[in-house]
Each structure stands twice: as C-alpha cells, then as structure tokens.
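Now for the letters of each chain:
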Amino acid sequence: MLYLSLVFVFILSYSFYFYGKKRALSLKFKKNENLSSLPDYYGYYVVLLVFFPAIIIWFFLLIFKSNFQEMFVMSPVLFPDVATWSSGKFGLIMNKISNLSIIVNLPEIDLTVGDKSILKMASESEIIAAKNLANFDKIYGWSNLTLFIILPVLLGFLATKSISGKLNAQPIVEKIISYVIKGSSYIAIFITFGIFFSLVFEAINFFRYVNFMDFFFNTAWNPNRAFVINASEGFDQEALKEAFGFVPLLTGTLLIASVAMLVAVPLGLLTAIYLAEYASSKVRDIAKPIIEILAGIPTVVYGFFAALSLAPFIKDVGEGVGLPVSAESALAAGLAMGVMIIPFVSSLSDDVIKAVPQSLREGSYAIGATKSETIKKVILPAALAGIMGSFLLAISRAIGETMIVVMAASLRANLTFNPLEPATTITTQIVTSLIGDVEFDNPKTLVAFALGLTLFVMTLILNIAAITIVKKYREKYE
Amino acid sequence: MSSLEKRLAAEKRFKFYGMFAMTLSLFFVLILMYKIFSTGSGAFVRTTINADVYFDPNFIEVSSNSSKKEIMKASYVDLADQVINQNHPGLDEENFIKVREMYTRKFDYQLRDYIANNPNVIGKTVNLDISASSDLDQIVKGNYPRNVPEAQRKINDYQLSILDSLDSKGKMSKTFNFWFFTNGDSRDPETAGILGALMGSFYALLICFSFAFPIGLLASVYLEEFVKPGKITDIIEVNINNLAAVPSIVYGLLGLGMLIGVFGMPYQVPLVGGLVLGFMTLPTIIIASRASLRGVPPSIREGALAVGATKMQTVFHHVIPLSLPGTLTGTIIGMAQALGETAPLLLVGMVAFVMEIPGGAFDPATGLPSQIYLWSESAERGFLEKTSAGIMLLLSFLIIMNTVAVLVRRKLEVKW
C-alpha cells in the first residue's frame, strides 16, 4: 500500500504538470494576460509544490511506521496508565499483544471457549489492542493511500489556483530546485554527523559501565564474564574491570594487518612497477583488469576461501615441518587479506609511477643507468609520497576489513605476535557482540560502539595522514 | 665478474621479480576462481531416486475435489511413509528409518506440491523422481568417501547397500537443481535455495539506488556548478573523501545505532539494509558524478548562457544530460560494491534464517552475501557447495553489472 501511494504521488505530480501548463496557456490565449515566465515553468511550479511536500510526508510515514504502530496499539484509551509503565513492562505487554495478534483474527479460534481461553489470560483491552495490531497494516496502508490521493490533489489545485500572469514562476522554481540541490549536498555532512554521534553516544553509555583506562589498557578480553556474574543486582564491578581489555584486540588487528601488508606491499608494488615500466601494452591491457578483479571480489568470498582452503593448507604445511599451527591462525586471515589488498596497492602505485615525467627516465638513461637502476634511484624516490599514501590507505583498509577476519580469524582474544597462533580483531568483536542482539542496555553490546569509535578514529587518522603526505611531499614537475 | 655484468644481472633479476609478482597475483585470481567453481558446480545438480508413487486415498486427508488451500494445509507424512514401504517392501522398523533417511526430509512437501498441481492424481500410480537426502547426494557425487569405517560416515552400510541396489536397477539419477533458484533458505541442504536472499538483496539495492542516485547526482551538481569554492565546500569535500574511506562496518553501526536505535526502524529488513548501503554508496556516486561533470567542457555552458539560458537551464538542459553516462557508470559500480558488501548487513540483522521469500522492503530477509556467510558457517557438507554456488551467482551478478557499466561508458560517453 505504501508503495502504491508512492506511485500515486508520482503520477499525480506528473499530471499536475500538464494541468498547470494548461492553466497558464489558457490565461495567455483566452484571457490575453501576459505571462511572466514560459508556460512550462507554471507546470514545474505546480509539480514542485505538489511533489516535495507529499514526498517528505511519505518518507516520514515510511520511516516512523513502527512508532505509529506502537502509538496505535498502546493507546492511552486502552491502557490509561501506559505513560507510567517501565520500558520493561511496556516491552512485555507489547510482546504479548503481538503474539495474540497472530491468532486473534483466525475464525477457528473462539476466544471465549475453554478454561484456558485466551480471554482469561489477556485483558479486554489487550485483546482489542491485539486486534488493532493485526489490522494495523491494512488500516495504515489504506489511510496512507487515501492521504496520498487527497493531499496531492488538494495541493495541486491550490497551486494551480495561485497561477496568474503576474506570478513569475521561473525564479520560484529555480529557487526551490537550488534549495533541493543544496540540501542534497548537506546530506553527506549529516551522514558523517550521524556516524559520529551514534558512535559517541553509545560509546559514552559503555564508558558508564567500564572505566576508560580499564578499557584501553587492560590485556584481558572476556566480554562473556560481564554476563556470568550479573544476575539481578546489576553488574559485578570487578568482573567488568577484567572483561573489556582492548589491548589484545589491537595487537590482533595489527598482527593480521601486518601479515596482509607483508603480502600486499611487495607483490603490489612490484606488479605496479612491472606493469608501468616493463610490460608491453598488450600484457598491460590483459593483466591490469584481471588483477583488478581481485579488488572487485566481495570480501565474504575471501573469507570463505581463507577459512575453507587457506587455513587447513597452512595447518597441514605447518604440521609437515613440525610447527604447531592453529586452525584459525592469524596467518591465514592475513594472507587472504593481503591478496585482497594487492590491487589496491598496485593500481594506486601504478598511477603514481606513470605520473613521473618521462624526462626523468631519459635523463637517467642518458647517464648510463640501467632500467632497474633508474626505477630504484630515480622513479621510486620521485613517486615516494604517492606510494606511501597508497600504503597508508591499504593499512586503513586492512584494519577496517571485517568479513575475512570474521570467517577466518579466531573469536578468542589472544595477546600474541606469533602469526601461527589464533588472534582476534576489533571488527570481529564488533560483529560477534552485536549479532542477533539489539538491546543496548548492557556493556556486552555497547562495547561494539566503543570499538567502532576507536576503529573510526584510527582509519580517519590514517586517511588524513595519507592525504597530507601526498599533498605535502609530492614532487611537482613542470 | 665485471661491474657491468653485475649491473646487467641485477637488471635481469629485478625484471624477473616484477614478472614473478605479477604472475603470482594473476595466479591468486585463478586459484580462487578454480576453488569456487570446483566446489560450487555440484550445487546445480541434485540426486533423485526414481519411485512408483501410489497416491493411496486411504493415506491422503484430502480428495481431488478439495480446494487448493485445503490441499496445501493437509499433512502427507503418512503418504510419504507409505510410498517408501511400497518401494522397499519388507522393512522392519529400524531399517525403515534408515531408508527414510535416504530420501529428503521434505518428501511430503514434494508430494503435496505434486497433488496441488495435479489434483486428479489421487488413487493413481505415478512414476516420480524423489529428491535424495543431502548426505546421500554427497555420497553419490563422491564428496563423501565411501571407504572409511562406518562410524565416520553419515551413510551407514545398510543404506549403502540399498543405494547400490537402487543404482543397479537404474533408479538413481541426477536432475538440474531448480530448487536452488526457486526456494528460500532451508535447514536441509537439498531444498535450500537462494531466491529469498536474492530478493532481499534486490529490495535493498532498490532502496539504495533510490536514495543514493538522486541525492548523489544533485549534491555533485551543487558542488561542481553552483557553489564557489569556499570554506563550506571544503568541509563537504573533505567529508565526502573521508566517508568514502570509512570501513563498511562503521556504516553498519550507524544503521544499528541511528536507524534502528533512534528512529525505531525494524530489524532484519531490506529497508534499513538498503539505506545503510545507500549511505555507503553516496560518496562513490558523488565522486564519479563530479568527475563526469568536470569533463563537460566550459564551452557548452558558455554557449547556453550566451543564448540567454539561466544558470539552472544551462545545468539541467545541457550539462547534466552530457555528464549522465559517467554518473551512471559510477552508480552501477557503486551498486556492485554495495551488492557484495556483507558487514553492514550483519549488523542490521539481515543474516537470520529466513525461509519465506520476502515480498517487499519491510519483510525480514537476508542478502546474497549474508546468505553466503550463513551457509559457510554451517557444518554440513551439502551447504559447502551451496556456499560456493551462491558465490558463483554473486560473482556473475557483479560481472554483469561491471560489464554494463563499461558498455554504458563506451556507448554513451561523449568524446570532446
């Protein structure tokens, strides 16, 4: 129904274009008025005045559907004391009503029959609320549909009514559009604010439970402990102190990211050098897109590959040479991540290397240097800033990567620098603490936002550093 | 060795390193593809057991006159048991269970669907191909070894002997596994399909597109055409570049904390997943669209302004249409990235077990990549090939989208 009303909004707005234009034309030709704008603009004028209010209201009704549902079901008419309920009680009653709503309208269930009839378990008003809930989608849909037929038509006629020869529609239309355009570009800022505030807000809630210093400097990570001891009298402070230590997550993240960089930096850089300096254009045209396929493969695929093939393979090889390798070793996740990052390093470095002017190469050849000497002593130093920038971006990518580590790395925190041992990462812990649980009332889920904030700040610093390095140290030729 | 020879040797070595690195990178692509295709191809084929099915009216609660709704509601478990007894006469209770395990658990649903499509079949005997259970399927496909001790096998010796006798009678066959494309998720690998996840991803991408494309296009028009460089544009500019580099999981946290936590949007639905993907794709689209607008030569603008067009007319009648191919290419590439993105979907709950195929952006759903993740976490061997097959499907969508992007650029882009 909601989508149908959206269709109506579009159709009605579109048809008002013709209506507005026709009205303007009739003013001109039948009443001989002079129009201040082209007739088209009167059409646009009406369309905009119909479309934007209607679409804004539509989005509002779409986004807040569940709030309306709650207001509709838990109305003070049915439950006079609803305002005084605790959120726990509210949730329980809501749950009961939503369970009731599934059966309340079935014809074969008589609510009044039998000892254990539902009527006896639920109050009168709860059953009415359940019926309301069961019918809500229909009621909401139909009222929406009616609203979005009446509202555009009303707006359209009002707007058309206001058309006269003196009304200069063009500047009005352009003004409205310029506001819309401006608003669109501010949305990017709103998203950033949204990210920042939702992270900060929940992270502050987390730090109400857990001391800031304990979080950043403790070396033990056992978030489940925060649950075991708490029963009814709240959280055990001692357990909370021990439960959330960020250090092993940081070392695990850095360990896996370093393994990834150890793979990606040499391979990516050498590939870039070969493609830019040695390869014939034929090889380049074939090899470059194939390597870039690696960048387009979703990370869930790398994760699957790392967990299914790479990890057992590394384990077997390790056992073959007598090394104990864990099945969830940091090495497997790091290697897969490294492969993922190769095209990232190679295509960025490739661009920088190609940007080094030809005259530098020729100058070097002229004094008798070989190609590799030219690359090592002239081109790479000249392109160094850009290459470093690409490394930093790659590190930030590796730190923020989620799926590979969720699937291939360990869930257990382990303070180690040995890549053969299991290690966990920040992103893995964010996912495990939030999957299937959206109650933001305990430190175990809230910690995800504190971790997310830390991750956000880390990657932000790396990105800004990368941009600054490129800007500040780039050699400018010409 | 003279110094020149040394230098030339070093030159050769260096060139070799470069070639080696490139070949190794190419090799990774190959090995990844090989691994996925070799494990995934099995999912498109399903083992079936040929059986004579007598639709015995005594075991069917409905008659040929029943309405479709009644047929769909009735139970066919007894009928399924009866069919097995007919085809394997003389089984005691213990062996019956073993034989029943060789057929899919959803045997009764298969019978139900057959009756629903052919209500007149009741009372008649029909020769049908019944789907085998996933474990049997894996044995037939050779993914489970037969020559290990019985305790380590999912299929016991008795079942193997039945299998061999069925095989010698020519009753085992393989069909194309349509279920993979038409079913939702299931606990049984043999009936699990990808359609539910596909529709979930479709709705999410629809939402993502309708959010990110118009806003991305208009924002880039504002930044490129209307505003003079200044402090605010600098802020927006830095902002967009940083947004493009924010890890995707942080967008998931935004969706969870803001859309679900503050705005009270529902959990697990493509609406929220799509909006989060839209937030993520927005910077990509803005960056591509700005580059494309910058590519439109100033002479076009000056020409339009010279004949008396307003700024708005110039931009909307001339500049945007000319820049649209570039914007569309960027949008398609951004959407392809969004399709493969998993982490935000995990956080907004689009990773649950959902059997029904979602009918809209408000129904609980999984997405294609999160379904792959779900299956990959499952221990059964049957899901392993489903995972790989899901990846093959995902990759083919990505290839199609990227090809379309390249074609759009080639066919429509105006060269100046």
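Residues numbered from 1 in each chain as written. Chains lettered and ligands numbered in written order. Predicted model: local features only at pLDDT ≥ 70, side-chain atom pairs only at ≥ 80, totals over all residues.

### So, the overall build of chain A
Okay, step 1: The helix and strand tally for chain A stands at 19 helices and 0 strands.
Okay, step 2: The C-alpha atoms of chain A give 32 Å as radius of gyration, which overshoots the globular expectation for 478 residues (23 Å, by more than 25%).
Okay, step 3: Counting over 478 residues, chain A shows a buried share of 41%.
Okay, step 4: Intrachain contacts of chain A at a sequence separation of at least 6 include 78% that bridge at least 24 residues. (Helix = DSSP H or I, 4+ residues; strand = E, 2+ residues; numbered from the N terminus. Rg over C-alpha atoms; globule rule 2.2 N^0.38 Å. Buried ≥ 20, exposed ≤ 12 C-beta atoms within 10 Å, placed from the backbone. Contact = placed C-beta atoms within 7 Å.)

### Some remarks on the overall build of chain B
Okay, step 1: The secondary structure content of chain B amounts to 17 helices and 3 strands.
Okay, step 2: Taken against the 2.2 N^0.38 rule, which gives 22 Å for 416 residues, the C-alpha radius of gyration of chain B at 29 Å runs more than 25% over that of a compact globule.
Okay, step 3: Overall size of chain B, expressed as C-alpha extent along the three principal axes, is 90 × 80 × 40 Å.
Okay, step 4: Buried residues in chain B amount to 46% of all 416 residues.
Okay, step 5: Within chain B, contacts between residues separated by at least 24 positions form 77% of all contacts whose residues are at least 6 apart in sequence.

### Comments concerning unusual backbone geometry
Okay, step 1: At N32 of chain A, a residue that is not glycine, the phi angle is positive and equals roughly 55°.
Okay, step 2: Tracing the backbone shows N32 of chain A in the loop between helix 1 (2-29) and helix 2 (39-63).
Okay, step 3: Residue classification places N32 of chain A among the exposed positions, given that 8 C-beta atoms sit within 10 Å.
Okay, step 4: The backbone phi angle of Q268 of chain B is positive, close to 75°, even though this residue is not glycine.
Okay, step 5: Along the chain, Q268 of chain B turns up in the loop between helix 11 (248-262) and helix 12 (270-294).

### Re the nonpolar core
All names here are of chain A.
Okay, step 1: One finds I256, A306, A333, A336, I404 and A408 to be the most contacted residues of the largest nonpolar core, which totals 191 residues.
Okay, step 2: If sequence neighbours within four positions are ignored, I404 has contacts with T299, Y302, G303, A306, A333, A336, M337 and M340.
Okay, step 3: V9, Y41, L49 and F51 belong to the second largest nonpolar core, which has 24 residues in total. (Core = buried A, V, L, I, M, F, W, Y, C linked by C-beta atoms within 7 Å.)

### Focus: the sheet that holds strand 1 (residues 45-54) of chain B
Residue and element names in this part refer to chain B.
Okay, step 1: A sheet is described by the order of its strands in space; here 3 strands give the open sequence 2-1-3, paired in antiparallel fashion. At either margin of the open sheet sits one strand with a lone partner, and together these are strand 2 (125-131) and strand 3 (172-176). Within this sheet the neighbouring strands show an average axis-to-axis angle of 45°, counted without direction.
Okay, step 2: By the bridge criterion, 5 bridges tie strand 1 to strand 3 in an arrangement that is antiparallel. Residue I49 lies in a different strand from strand 3, and its bridge partner there is M172. (Pairing = 2+ DSSP bridges. Axes fitted to C-alpha atoms, helices over the stretch in contact; angles between N-to-C directions.)

### Here we look at the interface of chain B and chain A
Okay, step 1: Residue-level contacts link 69 residues of chain B with 69 residues of chain A.
Okay, step 2: When residues of the side of chain B that touches chain A are assigned to their parent elements, the largest contribution, 18 residues, is made by helix 1 (residues 3-40) of chain B.
Okay, step 3: Across the side of chain B that touches chain A, the residue classes break down as 51 nonpolar, 14 polar and 4 charged. (Nonpolar A, V, L, I, M, F, W, Y, C, P; charged D, E, K, R; others polar.)

### A short note on the packing of helix 14 (residues 330-355) of chain A against helix 16 (residues 371-400) of chain A
All names here are of chain A.
Okay, step 1: Contact pair helix 14 / helix 16: the axes reach a minimum separation of 9 Å and the direction vectors enclose 150°. One finds that helix 14 runs roughly antiparallel with respect to helix 16. Crossing geometry of helix 14 relative to helix 16 is assigned as right-handed. On helix 16, the residues touching M337, I341, F344, V345, L348, S349, V352 and I353 of helix 14 are I379, A383, G386, I387, S390, F391, L393, A394, R397 and A398.
Okay, step 2: Grouping the amino acids of the contact of helix 14 with helix 16 by side-chain chemistry returns 14 nonpolar, 3 polar and 1 charged. (Parallel < 35°, antiparallel > 145°, perpendicular 65-115°, else oblique. Left-handed = near helix turned anticlockwise from the far one by under 90°.)

### Some points on the packing of helix 12 (residues 281-296) of chain A against helix 14 of chain A
Residues and elements named next belong to chain A.
Okay, step 1: Look at helix 12 against helix 14: their axes get within 7 Å of each other, and the N-to-C directions meet at 125°. With respect to their mutual orientation, helix 12 and helix 14 come out oblique. Judged by the sense of rotation from one axis to the other, the crossing of helix 12 with helix 14 is left-handed. Residues I291, E292, L294 and A295 of helix 12 form the contact with helix 14, whose participating residues are V339, M340, I342, P343, F344, S346 and S347.
Okay, step 2: Residues that form the contact of helix 12 with helix 14 fall into these classes: 8 nonpolar, 2 polar and 1 charged.

### Section: the confidence of the model for chain B
Okay, step 1: Scored by pLDDT, chain B comes out at a mean of 88, with 100% of its residues at no less than 70.
Okay, step 2: Model confidence for chain B, summarised as mean pLDDT per element, is weakest for helix 2 (residues 68-73) of chain B at 78 and strongest for helix 13 (residues 298-306) of chain B at 94. (pLDDT = per-residue confidence, 0-100.)

### Examining the pairing of strand 1 of chain B
Okay, step 1: With 7 bridges joining them, strand 1 of chain B and strand 2 of chain B adopt antiparallel strand pairing. Each bridged residue has a counterpart across the sheet, and for V53 of chain B the counterpart in strand 2 of chain B is V126 of chain B.

### Focus on the domain arrangement of chain A
Okay, step 1: When the domains of chain A are assigned, the result is domain 1 (2-167) and domain 2 (246-473).
Okay, step 2: Domain 1 of chain A and domain 2 of chain A are separated by 49 Å when their C-alpha centres are compared. (Domains from an automatic or database assignment.)

### Overview of helix 2 of chain A
All names here are of chain A.
Okay, step 1: When the terminal C-alpha atoms of helix 2 are compared, their 37 Å separation across 25 residues agrees well with the 36 Å that a helix rising 1.5 Å per residue should span.
Okay, step 2: Where helix 2 is concerned, the buried positions are Y41, Y42, G43, Y44, Y45, V46, V47, L48, L49, V50, F51 and A54.
Okay, step 3: On its buried face, helix 2 sits against helix 1, helix 6 (124-161) and helix 7 (169-209). (Expected span 1.5 Å × (residues − 1).)

### Comments concerning the domain arrangement of chain B
Okay, step 1: Under the domain assignment, chain B is made up of domain 1 (48-175) and domain 2 (195-412).
Okay, step 2: Summarising the inter-unit geometry, the C-alpha centres of domain 1 of chain B and domain 2 of chain B are found 46 Å apart.

### What to know about the environment of E70 of chain B
All names here are of chain B.
Okay, step 1: The topology assignment puts E70 in helix 2.
Okay, step 2: Using a count of 13 C-beta atoms within 10 Å as the deciding quantity, one classes E70 as partly exposed.
Okay, step 3: For the pair E70 and A116, spaced 46 residues apart in sequence, the C-alpha to C-alpha distance is 9.4 Å.

### Some points on the environment of Y278 of chain A
Okay, step 1: Tracing the backbone through its elements, the reader meets Y278 of chain A in helix 11 (residues 247-278).
Okay, step 2: You can call Y278 of chain A partly exposed: it has 17 C-beta atoms within 10 Å.
Okay, step 3: Sequence separation between Y278 of chain A and G389 of chain A is 111 residues, and the spatial gap between their C-alpha atoms is 23 Å.
Okay, step 4: Residue contacts for Y278 of chain A: discarding those within four places in its chain leaves K15 and G18 of chain B.

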